[in-house]
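Chain residues, written in single-letter form:
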Amino acid sequence: MEDLKDVFISPLPDSPYVKPFRFNYTQNGKQKSWDLLEVHDSVAIVVFNITRKVMVFVKQFRPAIYYNCISPEDRKSTTIDTSKYPASLGIALEMCAGIIDKDKSVEHIAQEEVLEECGYSVPLSGLHRITSYRSGVGVQGALQTFFYCEVTDAMKTEQGGGVDDELIEVVEKTIPEIEEMVNSPGPIPSPPSCLFALMWFLYNKADKFRKMSINSFDELHNGIRDK
């Protein structure tokens, strides 16, 4: 993932993923314009492993993060000096997610992403649609639909890591590690939607698993004492 070389910046040709354009309008009698990007809507899924009580993340290289770590002057270079700007600058920790580019329901796309990226086979009934929101409202405003699912070790049927030329690493974090992450002074290498999803989980789900852990400890302690 961090074997990065031959980095350079070029003009954008026609793209199936990003279409820049200028939006023109009149507001309160004044003519205005705003430069926008047309992008695909997407899904994001919080995946929590209840066997070991860990959150399942994906880690991958994000060129947009990497680019914004390069100084404006160095961006003008023919090639980017990767010894000065290592690939680690562009590594992001995120929820499992994917764009909606198929003629399928958002539930089916979310199901596919969990299997492809994380390796878990989740039934559609196990995907709980939480909410949807607009992302990148300054330049795109695309719709992202947020799901939650609970998985077990027995549901891990594939390696995960993405498909085709994707390079994705599956990362697990405990609830205390998640709390430390969201309370970090930053910069946090995660998008706002991921942080929102983590806060939702901590507010709505985490206490249940904390109590389960406490009960398991009490049962073990009582069992030892009774012997």
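Note: the structure precedes this text.
Keep in mind that this is a model prediction, so the values were computed, not measured.

Q: Is there a simple way to think about helix α2 (residues 106–118) in this case?
A: For an α-helix, 3.6 residues make a turn, and residues three or four places apart therefore share a direction. A rise of 1.5 Å per residue sets the reference length of α2, with its 13 residues, at 18 Å; its end C-alpha atoms lie 17 Å apart and thus fit the reference within 8%. The complete set of buried residues in α2 reads Val-106, Ile-109, Ala-110, Glu-112, Glu-113, Val-114, Glu-117 and Cys-118. Just downstream of α2 lies Gly-119, where phi reads positive at about 90°.

Q: When you look at the nonpolar core in this model, what are you seeing that I'm missing?
A: Among the nonpolar cores identified, the biggest contains 23 residues, and Met-55, Phe-57, Leu-198 and Phe-201 are the most heavily contacted of them. For this core, the secondary structure elements donating two or more residues are β3 (42–49), β4 (54–61), β8 (142–151), α3 (175–182), α4 (192–204) and α5 (206–226). It is α4 that provides the largest number of residues to this core, a total of six residues. Counting residues in each nonpolar core, the second largest holds 19 residues, with Ile-45, Cys-96, Val-122 and Cys-149 among its members.

Q: Sorry, what's going on with a nonpolar patch on the surface here?
A: Taken together, the side chains of Phe-21, Phe-23, Trp-34 and Val-139 make up a nonpolar region of the molecular surface, amounting to roughly 380 Å² of accessible area. Tracing the chain through its elements places Phe-23 in strand β1 (residues 19–27).

Q: What exactly am I supposed to notice about the side chain of Ser-190 here?
A: Considering the arrangement of structural elements, one finds Ser-190 in the loop between α3 and α4. Within the structure, Ser-190 has its side chain in polar contact with the backbone oxygen of Leu-93 (distance 2.6 Å). What Ser-190 contacts, discounting residues up to four positions off in sequence, is Leu-93, Met-181 and Leu-195.

Q: How do you make sense of unusual backbone geometry when you look at a structure like this?
A: Negative phi characterises most residues that are not glycine, and trans characterises most peptide bonds. Note that the residue after Gly-186, namely Pro-187, is joined by a cis bond; omega there is 0°. Residue placement: Pro-187 occurs in the loop between α3 and α4. The phi dihedral of Asn-28 is positive, around 50°, even though this residue is not glycine. Here Asn-28 lies in the loop between β1 and β2 (30–38).

The rules behind the values
Per-chain numbering applies: the sequence of each chain, read as written, is numbered from 1 onward. Since the coordinates come from a predicted model, pLDDT governs what is reported: local features require at least 70, and pairs of side-chain atoms require 80 or more to be given and counted, while whole-chain, interface and lining totals use all residues. Side-chain calculation: all heavy atoms of the structure are included, whereas hydrogens and water are not. Strands here mean DSSP runs of E at least two residues long; helices mean DSSP runs of H or I at least four residues long; both are numbered from the N terminus. Take the number of residues in a helix, subtract one, and multiply by 1.5 Å to get its expected span. Relative accessibility thresholds used throughout: buried, under 20% of the residue-type maximum; exposed, over 50%; partly exposed, between the two (1.4 Å probe, protein chains only). Definition of nonpolar core: a set of buried residues of the types Ala, Val, Leu, Ile, Met, Phe, Trp, Tyr and Cys, connected through side-chain atoms within 4.5 Å. The residues that make up patches have over 30% relative accessible area and no salt bridge, and they are joined within 9 Å when like-charged or within 5 Å when they are Val, Leu, Ile, Met, Phe, Trp or Tyr. We get accessible surface area from the Shrake-Rupley algorithm with a probe of 1.4 Å; when it comes to residues, only the shown protein chains can shield them. Salt bridge, as used here, is a side-chain nitrogen of Lys or Arg placed within 4 Å of a carboxyl oxygen of Asp or Glu. Polar contact criterion, stated in full: a pair of N or O atoms within 3.5 Å, where within protein one must be able to donate a hydrogen and the other to accept it, and residues adjacent in sequence count only if both atoms are side-chain atoms. Contacts between residues were defined by any pair of non-hydrogen atoms, one from each residue, lying within 4.5 Å.

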